[in-house]
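# Commentary on secondary and tertiary structure
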Amino acid sequence: MEMPPPLPDSRTEQDGSAVIRVLSYNIRSMRDDREALVRVIKACAPDLVLIQEAPLFFRWRKRAAWLASRTDLVVLGGGGSAAGPLLLCSLRATVERTEDVLLPRTPGLHRRGFATAVVRFGRARLGVLSCHLSLDAREREAQAGMLLDRLDALDVPHAVAGGDLNEPPGRAAFRLLAAKLQDCWAATPWGGEHTWVRSGPPRRIDAIFATEGVEVLGCGVPRGLPGLTDRDLRTATDHLPVLAAVRVPAS
């Protein structure tokens, strides 16, 4: 398999803009190979990690802190208090504020939420949101609308959002998000496309989105990174990660 060209490294440009690496990853409550999970995250060298299915129950904060420590990151927000979405960040980020949001619950379905934050990388200011949308199609579409409203409420010039959408492009929730935001894979594809390969046809059900004005330098499932093996990708969790490099203007 031909390896993709490397994504740009994190850096701050002379004009004050910042190149940021964003990773979105469903980690299945860390029930699989935790050491492989650590290796995958570290190989991606992210500035921001948008996690779904973080540990929710007994000592969930301790388990989130363990993952952050082992990957040379810090816990930014979310986890059990956001019903699963979790945010990690590197020490490069300066945190302005965080907010965990619980969404309306549909009887008989899992509670969902958003982990959100506003961070700065030098003069570049960025809103961040991690999500895990419902298994129910009607609820998913409603939650996609809530996601867009929440990004607007962050009141920042630029933002990224990512997560497990539980549906591929072309479905209602995905279409709603892609109509208002840049679908980073579609904008600048890099690496692999499909994030769910465990059953049925391969599908892209995990994605990273960016607001207008954010330059997408590349986005996709990472392959061939130093320290990253296909075995680690298979054993870390049941989803494949999505890695994006974006340039955020100074503001």
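Keep in mind that what you see is a predicted model, and the values were worked out from it rather than measured.

Within this model, the largest pocket holds a volume of roughly 400 Å³. Along the walls of the largest pocket sit 18 residues, with E53, L56, H110, R112 and H132 positioned nearest its centre. Across the lining of the largest pocket, the residue classes break down as 7 nonpolar, 5 polar and 6 charged. Its volume calculated, the second largest pocket comes out at about 150 Å³. Lining the second largest pocket we find L148, L151, D152, D155, V156, P157, H158, A159, K180, L181 and T211. Considering every element that reaches the lining of the second largest pocket, the biggest residue donor is helix α3 (residues 137-154), with 3 residues. Split into classes, the residues belonging to the lining of the second largest pocket amount to 6 nonpolar, 2 polar and 3 charged.

A full pass over the atoms with the stated rule returns 1 cavity of 30 Å³ or more. As for the largest cavity, its lining consists of 13 residues, of which W185, E193, R204, D206 and V242 are closest to the centre. Within the residue set of the lining of the largest cavity, elements represented by two or more residues are β11 (206-210) and β12 (215-220). Top element by residues in the lining of the largest cavity is β11. It accounts for 3 residues. In terms of residue class, the lining of the largest cavity is made up of 6 nonpolar, 3 polar and 4 charged.

Basis of the calculations
Residues numbered from 1 in each chain as written. Predicted model: local features only at pLDDT ≥ 70, side-chain atom pairs only at ≥ 80, totals over all residues. Heavy atoms only, no water. 1 Å grid on protein atoms, 1.4 Å probe; cavity = no way out; pocket = protein on both sides within 12 Å on 5 of 7 lines; lining within 4 Å. Points joined across faces, edges and corners; volume = space filled by probe spheres on them. Nonpolar A, V, L, I, M, F, W, Y, C, P; charged D, E, K, R; others polar. Helix = DSSP H or I, 4+ residues; strand = E, 2+ residues; numbered from the N terminus.

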